[in-house]
Amino acid sequence: MSRRLYFLLPDIDTAHQVVDKLKQNNVSEDDMSVVARDSVQTSDLPQADVSETSDLVGSAERGAAAGGVTGVVAGLAAMAFPPAGLAIGGGLVAATGLVGAGFGAWASSMIGIRHDNSQIETYEKALENGQVLVMVDVASERVDEIERVIQEAAPGTKVEGTDAHKSDADA
């Protein structure tokens with residue numbers, strides 16, 4: 001399992017220094033994401049993707065669960081009260097559950113993509129004030145090492161949070 005570190009930097013120049021230092025310490029650009037207000041030029045830094053900046057993933061997960069439950073209930077109701085005397089089996093329950101989960105995930109993700117990730121919202125005020133948020137995914141055993149690297153590159157920087165994060169390597 002890996003950990004996602006969140007930390008704020010005072011400006012884009014400091015973000016460049018920290019990203020360069022992390023690269024020198026074998027942290028891949030794929031494991032880093034930088035978020036800043038729209039007017040700050042970050043194109044030469046690792047970009048956060050939609051799944052990191054919006055509530056897309058969380059909404060899709062919640063929608064799939066709710067849709068799946070609704071689909072199963074609808075399938076069970078169809079079995080208990082079959083329309084026009086049709087014999088309906090358990091396959092319909094599974095099918096309605098899958099269809100419900102798929103529809104719920106799709107519909108919820110359309111809503112979630114329009115909302116900021118709750119973790120990013122925590123830093124919204126700092127971002128508006130010109131600070132830069134950096135997220136770094138590292139193996140759990142490297143957390144202390146990477147925090148030291150960040151401190152060397154930007155003394156006084158405080159890692160604001162660490163979340164358990166499932167990386168592609170963990171899958």
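To be clear, the structure that these remarks concern was listed above.
Computed from a predicted model, the values in this text were never measured in an experiment.

About the criteria used
Residues numbered from 1 in each chain as written. Predicted model: local features only at pLDDT ≥ 70, side-chain atom pairs only at ≥ 80, totals over all residues. Heavy atoms only, no water. Helix = DSSP H or I, 4+ residues; strand = E, 2+ residues; numbered from the N terminus. Contact = heavy atoms within 4.5 Å. Buried < 20%, exposed > 50% of the residue type's maximum accessible area, 1.4 Å probe, protein only. Pairing = 2+ DSSP bridges. Expected span 1.5 Å × (residues − 1). Polar contact = N/O pair within 3.5 Å; in protein donor to acceptor, adjacent residues only side chain to side chain.

**Observations concerning the overall build of the chain**
And then number 1: Within the chain one finds seven helices and four strands.
And then number 2: Mapped in sequence order, the helices and strands of the chain form the string β-α-β-α-α-α-α-α-β-α-β.
And then number 3: Here the analysis covers contacts within the chain between residues at least 6 apart in sequence; of these, 78% occur between residues at least 24 apart.

**Topic: the pairing of strand β2 (residues 32–35)**
And then number 1: Of the two faces of β2, the one lined by Met 32 and Val 34 and the one lined by Ser 33 and Val 35 are each fully buried.
And then number 2: Of the pairings in the sheet, the one linking β2 to strand β3 (residues 132–139) comprises four bridges and is antiparallel in character. Looking at the pairing, Met 32 lines up with Val 136 of β3.

**A closer look at helix α1 (residues 12–24)**
And then number 1: In this model α1 runs 18 Å from its N-terminal to its C-terminal C-alpha over 13 residues, within 8% of the 18 Å that 1.5 Å per residue would give.
And then number 2: Structurally, α1 contributes buried residues whose contacts are with β1 (2–9), β2, β3 and α7 (143–153).
And then number 3: Where α1 begins, one side-chain oxygen reaches toward the backbone nitrogen of Asp 13, 3.2 Å away; that side chain belongs to Asp 11.
And then number 4: Directly after α1, the chain includes Asn 26, whose backbone phi takes a positive value near 65 degrees.

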